[in-house]
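Chain by chain, the residues:
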Amino acid sequence: MTTDTNCTNVVLVTVDSLRVDAVGPYSDEYRTPVIQRLADRGAVFEHAFATGNWTPFSFPGLLASRPVFADSGSIGVTESETLAETLSAAGLATGGFNAANGFLTDHWGYDAGFEEFESFVADAGSLYGRYLAAHPTVEAWLQLASSPVRRLLSRARGGDDDRPFMDASRMLDVERHARAFIEDREEPFFLWIHYMDPHTPYAPAPRHFREVSSATLGTHRMVLAHARAGLGKDVGERALADLRTLYQATVRQVDASIGRVLDALSANDAREETAVVVAGDHGEEFQDHGHLAHYPKLYDELVRVPLIVDVPGTDPHRVEGAVGLDDVPPTVCGLLGVSSPQSWAGDSLAESVRSGERPVDEPVVSVTVRGEEVTQQPIPRELGDGDLLVSARTAEWTYIENTDTETAELYHRPSDPTQQRDLAADPDPEGATAIERLRPLVREHARSIEGTSGAEPASAGDAVQTRLEALGYR
């Protein structure tokens, strides 16, 4: 395979709530043309896993290659050496733009190392922002309800309708800042952009809805589906299908935005010097195990994620073996020829990207914290907020243990890809061997992070807390 690469820049694209089966390289059902083009010339990791089921548990690995709770006992990276800090110290220009996810702000340390950083949560303190905190789906409903009118007006003036009526997800703000950052750079750079569109509530532009659905009079059904889910009503098959259609349209919306960022790289003669990494921070559930969104569970619909790395000059290939999102920071450093900090937990996948070399294939550990009920809010900020659940995965097996109660689950994913048949109580010899290998890793990880649980939890500021509430978190 080709290994002669000239990579001086990296763009890391993370997409909130992105299921692995929602993007073309992993699915025969759905098309994501831009991400597919990246896959067609890059490395597709078949078994990439998040280190947690939601953003604050996943991102310490994604941007600091550290397990959540490992350094401070709380979520965030305030005590960790981040990827941006490492690259900035190596002389790269750094920019980070987060589409208003309140868990990825300077409050939690995610601005560290970025010369330019914007999280787009400042306006959450406005009167309208406070209203949205109490009514988090209103803006999405307005966007959906207005789509037929917007479509007619757009056609009348000969334009298109590929952009949202309202920038509810802050996608356009992120895209605009990312393009400006690229245009202003002459030195090597690292750019991180985080999209929120596939996070609830799903509010795609009309064009992208039409790309995944032939429905022409379904807007009222889409609003109703969100209303039923938001009010905690029973969601039947029809409403569930509507939600999944809306979700898939938001994925297409992100795909198109990534394409415009890539166009900016090409327009500035930087495309063939820039590696592009695309990853989901976690997945999304559509009643795969009884719920919607991403409650504290560790099944594949929430933990298995897309991971695609396009490095100019390499041949396209698919990479087997289990890898974790905490491998992303050392991989970015490896592609740029920068040494990784010794404190980082992940391994560089740069050689797997360049030459197709199989990764080490060590089990990937993921965690969540669950209160008395699965749907209990708020999202835990520290270990003491509930029971600690830890999973360990290979490309074949998933072992999950509630480390407080020592209850366990075991799944053989090749024969049970949706993880419905728990084999822990009566494993066959192969299952028993898997438990023997994975259980000690789970318990050792629990011991390693429980030693930091005495730290004082951080309290979110008003603007951050308001934005978290607007996303449905308290």
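Residues numbered from 1 in each chain as written. Predicted model: local features only at pLDDT ≥ 70, side-chain atom pairs only at ≥ 80, totals over all residues. Heavy atoms only, no water.

Novice: A description of the packing of helix α1 (residues 33-40) against helix α10 (residues 237-267) should follow, citing residues and the corresponding values.
Specialist: The interhelical angle for the contact between α1 and α10, taken along N-to-C directions, is 60°, at an axis separation of 7 Å. When the axes of α1 and α10 are compared, the pair comes out oblique. When α1 is examined against α10, the residues P33, V34, I35 and L38 are found in contact with a partner set consisting of R252, D255, I258, G259 and L262. Of the residues belonging to the contact of α1 with α10, the class tally is 6 nonpolar, 1 polar and 2 charged. (Axes fitted to C-alpha atoms, helices over the stretch in contact; angles between N-to-C directions. Helix = DSSP H or I, 4+ residues; strand = E, 2+ residues; numbered from the N terminus. Parallel < 35°, antiparallel > 145°, perpendicular 65-115°, else oblique. Contact = heavy atoms within 4.5 Å. Nonpolar A, V, L, I, M, F, W, Y, C, P; charged D, E, K, R; others polar.)

Novice: Which residues make up the pairing of strand β1 (residues 9-15), and what values go with them?
Specialist: Most of β1 is tucked away, with 7 of its 7 residues classed as buried. Direction of pairing for β1 relative to strand β6 (residues 274-280): parallel, over a ladder of 7 bridges. When the sheet's bridge partners are listed, T14 is paired in β6 with A279. (Buried < 20%, exposed > 50% of the residue type's maximum accessible area, 1.4 Å probe, protein only. Pairing = 2+ DSSP bridges.)

Novice: Can you break down the pairing of strand β5 (residues 189-195) residue by residue, with the values?
Specialist: With respect to burial, β5 is a largely interior element, 7 of its 7 residues being buried. Of the two faces of β5, both are covered, the one formed by F189, L191, I193 and Y195 as well as the one formed by F190, W192 and H194. Bridging between β1 and β5 involves 6 bridges; their strand directions are parallel. Of the residues in β5, the one forming a bridge with T14 is H194.

Novice: A description of the layout of surface pockets should follow, citing residues and the corresponding values.
Specialist: One number sums up the size of the second largest pocket: a volume of about 590 Å³. What lines the second largest pocket is a set of 31 residues, and nearest its centre among them are D326, D327, A345, E362 and P363. Elements that contribute at least two residues to the lining of the second largest pocket include exactly α2 (55-64), β11 (317-324), α13 (350-355), β12 (364-370) and α14 (429-450). Each residue belonging to the lining of the second largest pocket can be placed in one class, and the counts come to 14 nonpolar, 7 polar and 10 charged. (1 Å grid on protein atoms, 1.4 Å probe; cavity = no way out; pocket = protein on both sides within 12 Å on 5 of 7 lines; lining within 4 Å. Points joined across faces, edges and corners; volume = space filled by probe spheres on them.)

Novice: Can you lay out unusual backbone geometry for me, pointing to particular residues and giving the numbers?
Specialist: Phi is mostly negative for residues that are not glycine, and the peptide bonds are mostly trans. Residue A100 is not a glycine yet carries a positive backbone phi of 65°. In this structure, A100 sits in the loop between β3 (93-98) and β4 (116-118).

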